[in-house]
Amino acid sequence: MAEAQRVQKLLAQAGIASRRKCEEMIKEGRVSVNGTIVGIGTSATTTDDIRVDGKKVAFEEKVYIMLNKPVGVTSTVSDPHARMTVLDLVKVPQRIFPVGRLDKETEGLLLLTNDGELMQHITHPSHGVTKTYVVNTERAVSDEEIMKLRQGIMLEGKKVQVNAIEKHAPTFIQLTIHEGMKHIVRNLFAALNHNVKRLVRVKLGTLDIGNLDTGKSRPLTPAELARLKKAAGL
Ligand code: URA
């Protein structure tokens, strides 16, 4: 038996919109369950006929897959010019999407799922889900530069704070951030005149890439999923 849940939660999980926006849709009288327009307190299950503006919402089994993305593979699945996207590496029957993006030249942990609500929570900066990267620079990074990163660097008119930074070796820096700007790590280092030779994401929230080989993927364990949801405020 499918579990009864609030309709706005089911809609958000199906990727219709955020839970708040789904609540608005319900208040606007746009959502029906088994033919009846419903109000905000209604519960339903994924076996019910739930419609938004008359259009049936599709509920699929939820999948959560961790991929170690190799260099040269595009993480935007909609790019028609990409030679190879992450979906060429992860074959599942469900329609899944990458949670956030990694540059084509960036490697490491990418989560793919069809859980729209988790995706929104992880990518929205207000939930503060952190990402940890290992940066390999061409030149040695000085302690003064580490200090500058620690104090925060202005990018696009905004001070970017790092949550943690560690120098593993002169050209290997590990840093944790929660901002989601495009090319953020490369741009932080570019602001210090450093060229990034290699960039690897090793953690996303509570997830750790561990010893997953490059190009390989695996489903999250139930424990990993539970921890990640909790960290994302779900
Ligand atoms: N920061 C970058 O510069 N690139 C990525 O792919 C991710 C974070």
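For the structure itself, consult the block above.
Figured I'd write up the structure that's included with this text. (Residues numbered from 1 in each chain as written. Predicted model: local features only at pLDDT ≥ 70, side-chain atom pairs only at ≥ 80, totals over all residues. Heavy atoms only, no water.)

Within a sheet, neighbouring strands are paired by backbone hydrogen bonds and run either parallel or antiparallel to one another. Pairing is antiparallel across the open sheet formed by four strands, whose spatial order is S3-S2-S5-S6. Of all strands in the sheet, those with a lone pairing partner are strand S3 (36–37) and strand S6 (55–56), marking the two edges. The sheet contact formed by strand S2 (residues 31–33) and S3 spans two bridges and is antiparallel. Along S3, the bridge assignment pairs Val33 with Thr36. (Pairing = 2+ DSSP bridges. Helix = DSSP H or I, 4+ residues; strand = E, 2+ residues; numbered from the N terminus.)

As a further point, take the pairing of strand S9 (residues 107–113). Counting buried positions along S9 gives seven out of seven residues, so the element sits mostly inside the fold. Note: strand S7 (residues 64–69) against S9, six bridges, orientation antiparallel. If you follow Lys69 over to S9, its bridge partner there is Gly108. Direction of pairing for strand S8 (residues 97–98) relative to S9: antiparallel, over a ladder of two bridges. Paired with Phe97 across the two strands is Thr113, which belongs to S9. (Buried < 20%, exposed > 50% of the residue type's maximum accessible area, 1.4 Å probe, protein only.)

Before going further, it helps to spend a moment on the site of the ligand. Around the ligand, the neighbouring residues are Leu102, Asp103, Thr106, Tyr133, His183, Ile184, Val185, Arg186 and Leu199. For the ligand, an oxygen atom lies 3.2 Å from a polar atom in the backbone of His183. Separating an oxygen atom of the ligand from a backbone N or O atom of Arg186 is a distance of 2.9 Å. Surface burial for the ligand is 96%, taken as the share of its 230 Å² of free accessible area covered by protein chains. (Near = heavy atom within 4 Å. Polar contact = N/O pair within 3.5 Å; in protein donor to acceptor, adjacent residues only side chain to side chain. Areas by Shrake-Rupley, 256 points an atom, 1.4 Å probe, with all protein chains shown as cover.)

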